[in-house]
Protein chains: 2
Amino acid sequence: MTTSTSGARSSEDELIARYFAPLAGQGADGLRDDAATLTPSPGCDLVLTADAIVAGVHYLTDDPPASIARKALAVNLSDLAAKGATPRGFLLTLALPDDWTEDWLAGFTAGLRTAATDFGCQLLGGDTVRAAGPMLIGVTALGEVPSGGMVRRMNARIGDLLCVSGTIGDAALGLPLLTGQSPVWGEGIGPAARDFLIDRYRHPRPRLALAPILLREARAAMDVSDGLVGDLTKMLVGGDRSAEITLSDVPISVAVRAAITLEPALADTAFTGGDDYEILCAIPPDRAEACISEARTAGISLTPIGVVIAGHGPPIFRCQDGSEHIFAVRSFSHF
Amino acid sequence: MTTSTSGARSSEDELIARYFAPLAGQGADGLRDDAATLTPSPGCDLVLTADAIVAGVHYLTDDPPASIARKALAVNLSDLAAKGATPRGFLLTLALPDDWTEDWLAGFTAGLRTAATDFGCQLLGGDTVRAAGPMLIGVTALGEVPSGGMVRRMNARIGDLLCVSGTIGDAALGLPLLTGQSPVWGEGIGPAARDFLIDRYRHPRPRLALAPILLREARAAMDVSDGLVGDLTKMLVGGDRSAEITLSDVPISVAVRAAITLEPALADTAFTGGDDYEILCAIPPDRAEACISEARTAGISLTPIGVVIAGHGPPIFRCQDGSEHIFAVRSFSHF
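Residues numbered from 1 in each chain as written. Chains lettered and ligands numbered in written order. Predicted model: local features only at pLDDT ≥ 70, side-chain atom pairs only at ≥ 80, totals over all residues. Heavy atoms only, no water.

Visitor: Which parts of the structure should I look at to understand the interface of chain A and chain B?
Guide: Buried accessible area, meaning the area lost when the parts come together, often serves as the stated size of an interface. Tallying the contact residues gives 66 residues for chain A and 65 residues for chain B. Residue arginine 153 of chain B pairs with aspartate 34 of chain A through a salt bridge whose shortest N-O separation is 3.0 Å. For the pair chain A and chain B, the interface holds 19 residue pairs in polar contact (both at pLDDT 80 or more). Counting only elements with at least two residues in the side of chain A that touches chain B, the list comes to helix H1 (12-20), strand E1 (36-38), strand E2 (44-54), strand E3 (86-96), strand E4 (122-130), strand E5 (136-146) and helix H8 (228-236) of chain A. Ranked by residue count, the leading element in the side of chain A that touches chain B is E2 of chain A, at ten residues. Pairing between E1 of chain A and strand E2 (residues 44-54) of chain B: three bridges, direction antiparallel. Residue pairing across strands places leucine 38 of chain A opposite leucine 46 of chain B, the latter belonging to E2 of chain B. (Contact = heavy atoms within 4.5 Å. Salt bridge = Lys/Arg side-chain N within 4 Å of Asp/Glu carboxyl O. Polar contact = N/O pair within 3.5 Å; in protein donor to acceptor, adjacent residues only side chain to side chain. Helix = DSSP H or I, 4+ residues; strand = E, 2+ residues; numbered from the N terminus. Pairing = 2+ DSSP bridges.)

See below:
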């Protein structure tokens, strides 16, 4: 096929052959067909999710292209992990702005290749289009679970223990360090803490090792992407359930603790700010100890932060003195 | 979940509940989870494809929103049909520009619902994002074929008959009628022919009824989306094969014939211009008659246009006098 080229840049077919075909997994036949095939393992359902990230909205335009690629895949695999699914493959839709360069694309696809290998998730297909707007990277990710076993978001029951993986708020404090606002607290926490928070914003880590444990132990789970407070509210909506959370139990990193010490208002940012890509789950109380221990063995900390209670209102967040903390804005929205 | 709203417009969660949840198929649980499940029928592979359409590139910004929705789904299902696959479901990524309106979205989702019903393909999930650029609609479509049965693009053999469904060039001549260039030939062909060509541009018809016939009879197939000449070249690339096509055998509509009579240069536009969403297939010669007859029974015309021959060069296009026709531009590229 002959396609028109733009200056020194390659046609779509040349781009596919040069940058994307080397990433193609089994079933994608080197991206030389118009579709790929995938068959779930015997006795398994496929689990499907789609999330797009947009320059200037979900990542910063001058983030390293390899980091952007990794993030696009990671935010989708975070959803799969929360559902208890093992990744099988993904399709990529890439909208390139007018000023795209082959250098950028080479960095992006190199990063995508590394991430796909790290996460065990192969490229199955996709589409590259031109769009005179910000770069957009859309991913559809496919995983699998034993038939009927997908971990649901809405299944939490009264009495379940609520747990969260890793630490909360790192990415939400990493973002203002990158956007040139140079906050005073950023100087105060020192370079190592700054680098840690920025890395947590740029490189979400899908908690794939938790997936098989959630399958066995969790009653409900979701990934925390729009802030812990808002996502917990979402998890419990529509049932005769609420939750009581002890804020001092929510796990935070040394860096976030240092920042909050300098600037107490940052606690609200940490708990509502989003981009955590940690797992929030509801565990039957008699399985909580085993579940936390299994997670620890898998290298992931899982921390109890509260309990599902009877009630209709949004979750209640308690301070150490027992008083209720009211969040002015309960959730972050990119939309 | 509480998300920030923009003026009188709804938050993402409200949009999902109001406009997208009513379209959700089985396995998507009313889009109330972060992922959906899908299991292929016993003995089947899933077939996956992803294509995005962008305002001003793949459709016109003032096309009716229901038509845009239908096109976004149809161009993907056209790929599935060419692979012999039966549609199972799709995921949607919608990038809304700054000036989106709820009226537009209501029209879009109404059209999407009708198209999903007509094509037997249910919404399984997706993502809605804001992007300060042209509207982008990305679809990942999933179908299924008997295990190992996907019809490949590259399998044509020397001696196979090349056939094409429907008529070629309608959409390529419909587009200039919409873009305000008011070509003289547009007046000459009359209002009914103009409406027909515009409808063919706006409303591609995925040839889903051909899928089971291609599974049984075709050695190779692809959909014609970037123009017959370029796509045929793509189908035969990389083997010791070429093709000989008799241009007068390529099926064209009465409207295209009328336009070419008024403006002979339009023949090249029709054969290279793209957006046909017809099926190009290679049929073993001893199955050609049966295949064409089965297609006719399914309500689709399938027309022999040439034959696969030994050779290395691009396909040869013959005029009625036997001379070779050289296309100045062999393919359309949106990229």
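The structure having been displayed, the exposition proceeds.
Visitor: I'm lost on the sheet that holds strand E6 (residues 161-165) of chain B in this one. Help?
Guide: For sheets, the rule is that strands pair by backbone hydrogen bonds, running either parallel or antiparallel. Residues and elements named next belong to chain B. The six strands lie next to each other as E7-E9-E6-E10-E8-E11, forming an open sheet whose pairing is mixed. Only two strands of the sheet have a single partner each, and these edge strands are strand E7 (220-224) and strand E11 (316-318). Direction aside, neighbouring strands of the sheet carry axes that sit 25° apart on average. Relative to E11, strand E8 (residues 241-246) runs parallel, the two being bridged by three bridges. Following the sheet pairing, isoleucine 245 is matched in E11 by phenylalanine 317. Across the sheet, helix H11 (residues 288-297) touches E6, strand E9 (278-283) and strand E10 (302-310), and the angle it forms with E10 is around 150°. (Axes fitted to C-alpha atoms, helices over the stretch in contact; angles between N-to-C directions.)

Visitor: What am I meant to see in the domain arrangement of chain A here?
Guide: Residues and elements named next belong to chain A. The assigned domain composition of chain A is domain 1 (12-30 + 42-146) and domain 2 (161-318). Across the contact, 22 residues belong to domain 1 and 19 residues belong to domain 2. Both faces combined, the contact of domain 1 with domain 2 buries some 1,700 Å², and carbon together with sulfur accounts for 64% of it. Between domain 1 and domain 2 we count one salt bridge in total. Here aspartate 63 ties to arginine 202 by a salt bridge, and the two come within 2.8 Å at their closest N and O atoms. Connecting domain 1 to domain 2 are six residue pairs in polar contact (both at pLDDT 80 or more). Of all the secondary-structure elements, those providing two or more residues to the side of domain 1 that touches domain 2 are helix H2 (65-82) and E5. When residues of the side of domain 1 that touches domain 2 are assigned to their parent elements, the largest contribution, ten residues, is made by H2. Residues belonging to the side of domain 1 that touches domain 2 are distributed by class as follows: 13 nonpolar, four polar and five charged. (Domains from an automatic or database assignment. Buried area = accessible area lost by both parts, 1.4 Å probe. Nonpolar A, V, L, I, M, F, W, Y, C, P; charged D, E, K, R; others polar.)

Visitor: Would you mind showing me how to read the nonpolar core here?
Guide: As a rule of thumb, nonpolar side chains are buried together in soluble globular proteins. Core analysis: the biggest nonpolar cluster contains 119 residues, and Phe108 and Ile137 of chain A together with Phe108 and Ile137 of chain B have the highest contact counts within it. Among the elements that take part in this core, H2 of chain A stands out by supplying ten residues, more than any other. In contact with phenylalanine 108 of chain B, not counting residues within four places along its chain, are Pro65, Ala66, Ile68, Ala69, Leu92, Leu94 and Ile137 of chain B. (Core = buried A, V, L, I, M, F, W, Y, C linked by side-chain atoms within 4.5 Å. Buried < 20%, exposed > 50% of the residue type's maximum accessible area, 1.4 Å probe, protein only.)

Visitor: Got a minute to help me understand helix H4 (residues 170-178) of chain A in this structure?
Guide: Residue and element names in this part refer to chain A. In terms of residue burial, H4 counts as a mostly covered element, since seven of its nine residues are buried. Among all positions in H4, only Asp170, Ala171, Ala172, Leu173, Gly174, Pro176 and Leu177 are buried. Among the structural elements, helix H5 (184-189), helix H6 (191-202), helix H9 (254-262) and helix H10 (266-272) are those in contact with the buried residues of H4. Downstream of H4 by a residue or two, glycine 180 has a phi angle that is positive, lying close to 75°.

Visitor: Help me understand the pattern of salt bridges, please; the structure alone is not making it clear to me.
Guide: Two side chains that carry opposite charge are able to pair once their charged atoms sit near each other. Enumeration over the complete set of coordinates arrives at 36 salt bridges over all chains. Aspartate 34 of chain B is the salt-bridge partner of lysine 83 of chain A, the closest N and O atoms lying 3.8 Å from each other. Of the two residues, lysine 83 of chain A is situated in the loop between H2 and E3 and aspartate 34 of chain B in the loop between helix H1 (12-20) and strand E1 (36-38); the pairing between them involves two chains. A salt bridge links arginine 216 of chain A to glutamate 294 of chain A; the shortest N-O distance between them is 2.4 Å. Here glutamate 294 of chain A lies in helix H11 (residues 288-297) and arginine 216 of chain A lies in helix H7 (residues 211-217), a separation of 78 residues in the sequence. By sharing partners, the salt bridges in this structure join Asp33 and Asp34 of chain A together with Lys83 and Arg153 of chain B into a single network.

Visitor: Which parts of the structure should I look at to understand the environment of alanine 131 of chain A?
Guide: Note that alanine 131 of chain A resides in the loop between E4 and E5. Between the C-alpha atom of alanine 131 of chain A and that of leucine 266 of chain A, which follows or precedes it by 135 residues, the distance is 37 Å. The contact partners of alanine 131 of chain A, leaving out residues within four places of it in the chain, are Ala95, Leu96, Pro97 and Asp98 of chain A together with Val54 and Pro134 of chain B.

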